[in-house]
Amino acid sequence: MAAKNRDKQPRTIRQRLLRGGVSALIWLGAITLYYVVYSLFFDTPTEYMMKHSTDLLREEYGRLEARYDSLRLVAENITERDRNIFRILFESDPYSLDEELRTEQLSRYEELQGESTYRLKRELGERTYEMEQRLSELEKSYDKIEQQIDSLGDMCNHIPAIQPVINPQLSLLTASYGMRIHPFFKTLKSHQGVDYTLPEGSRVFATADGTIKEVSTRSTSGQSVVIDHGNGFETSYSHLGKINVRKGEKVKRGDIIALSGNTGLSLAPHLHYEVRNNGMRVDPIHYFFLELSPAEYQRIIHIAQSGMQSFD
């Protein structure tokens, strides 16, 4: 009888342990099920904040996207109107630098896709080294320019260094230096200055200190002014509507010397501006350095290259 009781005791312990294990598994399953169900229908504070912050970002993105689409439509409309005006005035389609750049970028991208990772890394290293060398040369060049500027002193004011008109958006420049289509003969001709399209009566500024060398009222250039700045520099301003200076008068950079017009052999109201260095006409765009940042300088060159039609 005692032996039977001893056999029952281990069985009872095992049964209790088994029941405890089963109960633990049931509770664990119940807790897990509760957490899963709770997480499906309810959010923790952290999840709630993350979801709502995402909703705010999504709403903001939607507003920005709608604004971008609106601006894009306006920009496309302005571009198309500009192209139509160009076609009416010049009887030709405007040249698209953006399309050419996009084509070059796509072509280069296709080339890069076919190259190996090793080659790409090597090319990147070589270009980085070349860029470092160019930056070093550029720093030396800047140091040299600073030394030359210091040695010039007040003579810096006698170097043409600003635009002759108010043009903060750079959009008034319509014809640059180089071979351009003549507006009347429709043939290529050397255009030795830049043209600004602007309403008659707009202010025209002296681009550097100097002395009025010439004042002309009758020529193919219409009413025009030439300023001698010394150091071999001269600037000319043509097709003016009204001249405010006299021959021999001293002027300072930024002085209003005239108002723009449409006199002489001119297609439309504009200002033709030239820079001469030791008797040679040079590209005026490179003489706006006192007014333009490097990014604006690149932009105005891009704008100048897009126009093939002069106004005189």
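Residues numbered from 1 in each chain as written. Predicted model: local features only at pLDDT ≥ 70, side-chain atom pairs only at ≥ 80, totals over all residues. Heavy atoms only, no water.

1. Section: the side chain of Ser-236
Here is step 1 of the chain: By secondary structure assignment, the location of Ser-236 is in strand S8 (residues 233-243).
Here is step 2 of the chain: Contact partners of Ser-236, with chain neighbours within four places excluded, come to Val-225, Val-226, His-272, Tyr-273, Glu-274 and Arg-276. (Helix = DSSP H or I, 4+ residues; strand = E, 2+ residues; numbered from the N terminus. Contact = heavy atoms within 4.5 Å.)

2. Looking at the environment of Pro-164
Here is step 1 of the chain: Tracing the sequence through the fold places Pro-164 in the loop between helix H4 (117-152) and strand S1 (173-175).
Here is step 2 of the chain: When the C-alpha atoms of Pro-164 and His-272 are compared, they prove to be 9.7 Å apart, with 108 residues separating the residues in sequence.
Here is step 3 of the chain: Leaving out residues up to four positions away in the same chain, Pro-164 has contacts with Tyr-196, Arg-203, Val-204, Phe-205, Thr-207, Tyr-237, Leu-271, Tyr-273 and Phe-288.

3. Describing the pattern of salt bridges
Here is step 1 of the chain: Across all of its chains, the model carries 5 salt bridges by this definition.
Here is step 2 of the chain: As a salt-bridge pair, Arg-276 and Glu-234 come within 3.7 Å of each other at their nearest N and O atoms. Of this pair, Arg-276 sits in strand S11 (residues 270-277) while Glu-234 sits in strand S8, and the two are 42 residues apart along the sequence. The burial state of Arg-276 is the same as that of Glu-234; both residues are buried.
Here is step 3 of the chain: Several salt bridges converge on common partners, so that one network encompasses Lys-213, Glu-234, Glu-274, Arg-276 and Arg-281. (Salt bridge = Lys/Arg side-chain N within 4 Å of Asp/Glu carboxyl O. Buried < 20%, exposed > 50% of the residue type's maximum accessible area, 1.4 Å probe, protein only.)

4. Comments concerning the pairing of strand S10 (residues 256-260)
Here is step 1 of the chain: Judged from the 3 bridges that link them, strand S5 (residues 203-205) and S10 form a sheet pairing that is antiparallel. Residue pairing across strands places Arg-203 opposite Leu-259, the latter belonging to S10.
Here is step 2 of the chain: Pairing of S8 with S10, which is carried by 3 bridges, proceeds in the antiparallel orientation. Bridge assignment links Lys-242 to a residue of S10, and that residue is Leu-259. (Pairing = 2+ DSSP bridges.)

5. With respect to the packing of aromatic side chains
Here is step 1 of the chain: Counted by the stated rule, this structure contains 2 aromatic pairs.
Here is step 2 of the chain: Aromatic pair Phe-233 and Tyr-287: ring centres 5.7 Å apart, planes at 70°, arrangement edge-to-face. Highlighted residues: Phe-233 in strand S8 and Tyr-287 in the loop between strand S12 (280-282) and helix H5 (294-305), separated in sequence by 54 residues. Grouping residues by exposure puts Phe-233 and Tyr-287 together as buried.
Here is step 3 of the chain: Taken together, a centroid distance of 5.3 Å and an interplanar angle of 45° make the contact between Tyr-237 and Tyr-273 tilted. Of this pair, Tyr-237 sits in strand S8 while Tyr-273 sits in strand S11; the two residues are 36 residues apart in sequence, bridging distant segments of the chain.
Here is step 4 of the chain: Given a relative accessible area of 0%, Tyr-273 falls into the buried group. (Phe/Tyr/Trp six-rings, centres within 6.5 Å; stacked < 30°, edge-to-face > 60°.)

All we've got here are geometric facts, nothing functional implied.
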